[in-house]
Amino acid sequence: MAADTTPTSSKNISVTLQIWRQAAADQPGKFVEYKATNCNPNMSFLEMLDVVNDDLERRGEDPIAFAHDCREGICGTCSLVIDGKPHGPHEGIASCQTYMRSFEDGAVITVEPYRAKPFPVIKDLITDRSAFDKIQQAGGFISIRTGAAQDANALPIPKQDADLAMDAAACIGCGACVAACKNASAMLFVSAKVSQFALLPQGQPERDTRVLNMVAKMDELGFGNCTNQYECSAACPKLISHDFIGRMNRDYIAATFRAACKDKAAGADGGA
Ligand code: FES
């Protein structure tokens, strides 16, 4: 697992935070300044926010709303844009794995929610990313019984395919790819979810309908198109490669062609 490899430090630091505060999606938001003083450099960024919130609550003020669950880079819930970068300054880690030692003493740090129309702000730094759930529900599953798994050796899979499927399955659905893209494209997320099944025998029965339905849902929900800037893979905490986008595009074209052929054949049968 990738990690914040900034060397540990024993010198406490103080930073100024410019944090986006917004009461609700339909309310205007603004940056509000907070001081985080005497921070242990080895506390995580989220722990630092906890300390700031403790202080706000002691003063009777509304704490800063931010999302998290595992705090280990696994769940994809944390979704901060730190100094303009989804998940902060490091490659290959999530916001929750970022430590205060990554920042200079006296630094001014901006913290914002994801900025993407399909991810409306719920409050402060929390966005509604249920659009990703809807894309998954459109096809990101297999229909085989999963309760009684057969022996793994009964279904040989080329190692290269197995490794690639594993790489795709590393996607934690955090949405950083969308936040990093100027078009708010979800192509990296969708391509990872499509590819993890398309590479395996278990994913073949719904291969065509999966890619067609997931791409259609992505478009319907207002995500933009990919223009090959690759900001998505640069921001991905799991370092998912943009090669999966090309793989998905090829799958999509093939599925569209096969669907058209089927329609044509069905039309010919109907006319017979
Ligand atoms: S809180 Fe789970 S990935 Fe950050």
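Participant: Quick question: what am I supposed to make of the overall build of the protein here?
Facilitator: A count of helical and extended segments in the protein gives 8 helices and 7 strands. Taking the principal axes of the C-alpha coordinates as reference, the protein spans close to 80 × 45 × 35 Å. Buried residues in the protein amount to 37% of all 272 residues. Considering only residue pairs separated by 6 or more positions, the protein has 72% of its internal contacts joining residues 24 or more positions apart.

Participant: So what exactly am I meant to see when it comes to the environment of D243 here?
Facilitator: Along the chain, the position of D243 falls in helix α8 (residues 243-271). The partly exposed category is assigned to D243, around which 14 C-beta atoms lie within 10 Å. Sequence separation between D243 and Q204 is 39 residues, and the spatial gap between their C-alpha atoms is 20 Å.

Participant: What should I look at first to understand the sheet that holds strand β2 (residues 30-39) in this one?
Facilitator: In a beta sheet, neighbouring strands are held together by backbone hydrogen bonds and run either parallel or antiparallel to one another. Ordered by their spatial adjacency, 5 strands build an open sheet running β2-β1-β5-β3-β4, and the pairing between neighbours is mixed. Two strands close off the open sheet at either side, each with one partner strand: β2 and β4 (85-86). Of the pairings in the sheet, the one linking strand β1 (residues 13-21) to strand β5 (residues 108-112) comprises 4 bridges and is parallel in character. Residue L17 lies in a different strand from β5, and its bridge partner there is I109. Contacts between helix α1 (residues 45-58) and the sheet are confined to β1, β2 and β3 (81-82), with β2 contributing the most and set at about 100° to the helix.

Participant: Quick question: what am I supposed to make of unusual backbone geometry here?
Facilitator: Note on backbone geometry: most residues besides glycine have negative phi, and most peptide bonds are trans. At N38, a position not held by glycine, the phi torsion is positive, near 55°. Looking at where N38 falls in the secondary structure, it is placed in strand β2. The backbone phi angle of L239 is positive, close to 55°, even though this residue is not glycine. As for its position among the elements, L239 is in the loop between α7 (231-235) and α8. Residue classification places L239 among the partly exposed residues on the basis of 14 C-beta atoms within 10 Å.

Participant: Before we go on, may I ask you to explain the nonpolar core in this structure?
Facilitator: In a soluble, globular protein the nonpolar side chains are often hidden away together inside. By size, the foremost hydrophobic cluster in this structure holds 67 residues, and its most contacted members are C177, V178, A186, L188 and V190. If one sorts the elements of this core by residue count, helix α5 (residues 187-198) sits on top with 8 residues. Summarising the domain contributions, this core has at least three residues from each of domain 1 (13-123) and domain 2 (129-143 + 152-271). Leaving out residues up to four positions away in the same chain, V190 has contacts with I135, M214, V215, M218 and M248.

Definitions and limits used
- Residues numbered from 1 in each chain as written.
- Predicted model: local features only at pLDDT ≥ 70, side-chain atom pairs only at ≥ 80, totals over all residues.
- Helix = DSSP H or I, 4+ residues; strand = E, 2+ residues; numbered from the N terminus.
- Buried ≥ 20, exposed ≤ 12 C-beta atoms within 10 Å, placed from the backbone.
- Contact = placed C-beta atoms within 7 Å.
- Pairing = 2+ DSSP bridges.
- Axes fitted to C-alpha atoms, helices over the stretch in contact; angles between N-to-C directions.
- Core = buried A, V, L, I, M, F, W, Y, C linked by C-beta atoms within 7 Å.
- Domains from an automatic or database assignment.

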